[in-house]
Amino acid sequence: MKLPDMLPWQRTLWAAVTVQTLAIVGFQAGFVLIPYYFQELGVTDLAELARWTGAYQSLGAMSFAIFTPIWGALGDRYGRKSNDILATIGTAVLSAATGLVRTPTQLLVLRFLQGVVTGTPAAATVLVAASTPKKNIAFALGMLQTSFFIGTSVGPMIGGWIGDAIGYRQTFYFSSLIILLAVVIAIFGTQEPPREPELLREGQRRSRNPLVGFGEVFHNPVLAGLLIVNLMLSLTLSITSPAMPLLIQQIVPKGMQPASVAGMVTGVGAVTAAIAAMMINRISDRIGHRRTTLLGLIGTAVLYVPMGLARSVGLLGASSAAQGFFRGGIGPSLSALLVGSVRKDRTGVALGLNSSAGSVGFALGPMIGAVIVASASTRAAFFVAGALCAGVCLVASFAGRRAEMTIAAEAEAEA
């Protein structure tokens, strides 16, 4: 399909996919190096390193959880495209600044600021969801999720190679240049979605406070259940984040660079997740978003066991790749359920709250993981994550059923 032949929502979608891929590549190229960067800044004790790494990951997620719903509400009020551009610019600036830090404390401060002003996945999701017709929403969100997985697969590989070759600081500068390219594409490639006249008139009658509408969204029990699922899922997935690079450092063969290996192991799981996200879209539309979510959760939970038992990089990488196939369909399916459960003029607030719930999980997970690593072992974190993921399945089954009933009822009313 030629670009001029595309509908406005299609042009915005493909531009947003490109922007997200570049932004996540740039961000992940530096993020995978953080434990080793702390070591370069003077943190050498294993338990202390786990605590610093966990604090870094949790602090950014915590500030992101606080500010993302605010940005989502501002996007509903003043424009989704501007939010996406501002988030991408913030990511570029703070990535470059990370290469300038001299102490672990300075690194933590920058991570907090990243959570305040960045968050490109959330901004892009709101833009795409508001631009796309509801009948195409699963496809659009699936493609956006695919771009995220592609970025998280290529980014760590690039970061590991550059970090080992020319240094960790230089990797952050390189990352900033990649994200600046994404800024240009966001400015010229995306289009602000039109507002429906009746929703625009209603919005003009409301208070000028951009946070208006949060109360009514919170009173949606279906949305509340999906937010809980996302929070629990994010907590589960992030528990192993402090443990993974340390486990790799322990099992990597002599002569191999741990940063490159960490990038490969993280990247291969994201590659398979990206492939799954593209394939799952059609499957999810046929068998239902709830069933797709449950299948993904079950597979993810089971595969934490061989990851925790891995004694070689090969087994760890193979387990990560297999788990990626299951993780790839969870995000798009949950997002599709959520978007279908709220009014279109509340999409930004709902998706902002969803990102916030995920960020709360990502804030708690690394702290829990750091405690497990410091008090037990790196391997124990994987077993705890698997057990918690099994528990998420139960909550997702109930919340997903209610969401499907709500969407079906709305479709019947419209017909």
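Procedures and definitions
The residue numbering used here restarts from 1 in each chain and proceeds along that chain's sequence as written. Note on the predicted model: pLDDT of at least 70 is required for a residue's local features to be given, and 80 or more for side-chain atom pairs to be given and counted; whole-chain, interface and lining totals, by contrast, use all residues. The basis for every side-chain value is the complete set of non-hydrogen atoms in the structure, without hydrogens or water. Nonpolar core, defined: a set of buried Ala, Val, Leu, Ile, Met, Phe, Trp, Tyr and Cys residues in which side-chain atoms within 4.5 Å join the residues together. Note on exposure labels: buried denotes an accessible area under 20% of the residue type's maximum, exposed denotes more than 50%, and partly exposed covers the range between, all computed with a 1.4 Å probe on protein chains only. Helix and strand definitions here come from DSSP, where helices need a minimum of 4 consecutive H or I residues and strands a minimum of 2 consecutive E residues; each element is numbered from the N-terminal end. Contacts are assigned to residue pairs with any non-hydrogen atoms lying within 4.5 Å of each other. Fitted lines through C-alpha atoms give the axes, limited to the stretch in contact for helices. The angle between two N-to-C directions lies from 0 to 180 degrees. Roughly parallel covers angles under 35 degrees, roughly antiparallel covers those over 145, roughly perpendicular covers 65 to 115, and oblique covers all other angles. For any pair of crossing helices, the crossing counts as left-handed if the nearer helix is rotated counterclockwise from the farther one by less than a right angle, and right-handed if it is rotated clockwise. Each residue is assigned to one of three groups, with Ala, Val, Leu, Ile, Met, Phe, Trp, Tyr, Cys and Pro labelled nonpolar, Asp, Glu, Lys and Arg labelled charged, and all others, Gly among them, labelled polar. We define a salt bridge as a side-chain nitrogen of Lys or Arg found within 4 Å of a carboxyl oxygen belonging to Asp or Glu. Two cysteine sulfur atoms make up a disulfide if the distance between them is within 2.5 Å. The predictor reports its confidence for every residue as pLDDT, a score running from 0 up to 100.

Thoughts on the nonpolar core
Consideration 1: By size, the foremost hydrophobic cluster in this structure holds 42 residues, and its most contacted members are Phe 38, Leu 107, Met 244, Ile 248, Val 265, Leu 316 and Phe 382.
Consideration 2: At six residues, the largest contribution of residues to this core is made by helix α12 (residues 243-251).
Consideration 3: The contacts of Phe 382, once residues within four sequence positions are left out, are Thr 240, Ala 243, Met 244, Leu 247, Tyr 304, Met 307 and Gly 308.
Consideration 4: Counting residues in each nonpolar core, the second largest holds 29 residues, with Leu 297, Ile 330, Ala 350 and Leu 353 among its members.

Digging into the packing of helix α4 (residues 80-98) against helix α6 (residues 120-131)
Axes are the key here: two packed helices are described by the angle between their axes and the distance separating the axes.
Consideration 1: Between α4 and α6, the least distance of the axes is 8 Å, while the angle of their chain directions is 160°. As far as their axial angle goes, α6 and α4 are roughly antiparallel. As for how α4 packs across α6, the hand of that crossing is left-handed. Across the interface between the two elements, Arg 80, Lys 81, Asn 83, Asp 84, Ala 87, Thr 88 and Thr 91 of α4 pack against Thr 120, Ala 123, Ala 124, Val 126, Leu 127 and Ala 130 of α6.
Consideration 2: Across the contact of α4 with α6, the residue classes tally to six nonpolar, four polar and three charged.

Here we look at the packing of helix α14 (residues 289-309) against helix α15 (residues 313-327)
Consideration 1: Contact geometry of α14 with α15 gives a least axis separation of 8 Å together with a crossing angle of 170°. With respect to α15, the axis of α14 lies roughly antiparallel. Every residue of α15 that contacts α14 at Leu 295, Gly 296, Gly 299, Thr 300, Leu 303, Tyr 304, Pro 306 and Met 307 is listed here: Leu 315, Leu 316, Ser 319, Ser 320, Ala 322, Gln 323, Phe 326 and Arg 327.
Consideration 2: Here the contact of α14 with α15 is built from residues that sort into nine nonpolar, six polar and one charged.

Thoughts on the pattern of salt bridges
Consideration 1: If you walk through the whole model with that rule in mind, you get one salt bridge.
Consideration 2: Here Glu 40 ties to Arg 169 by a salt bridge, and the two come within 3.9 Å at their closest N and O atoms. Here Glu 40 is found in helix α2 (residues 34-40), whereas its partner Arg 169 is found in helix α8 (residues 168-189), with 129 residues between them in sequence.

Here we look at the state of the cysteines
Consideration 1: Here the structure, examined in full by the defined rule, presents zero disulfides.
Consideration 2: Left unpaired, Cys 389 is separated from the closest cysteine sulfur, that of Cys 393, by 5.5 Å.
Consideration 3: On the basis of relative accessible area, Cys 389 is assigned to the buried category, the value being 0%.
Consideration 4: Looking at Cys 393, the relative accessible area reads 13%, which means it is buried.

Topic: the confidence of the model for the protein
Consideration 1: On average, residues of the protein carry a pLDDT of 82, and 87% of them reach 70 or more.
Consideration 2: Taken element by element, the protein is modelled with least confidence in helix α9 (residues 197-205), mean pLDDT 47, and with most confidence in α8, mean pLDDT 93.
Consideration 3: Low confidence marks residues 198-208, where pLDDT is under 50. Its contacts with residues over four positions away, or in another chain, come to 14 contacts.

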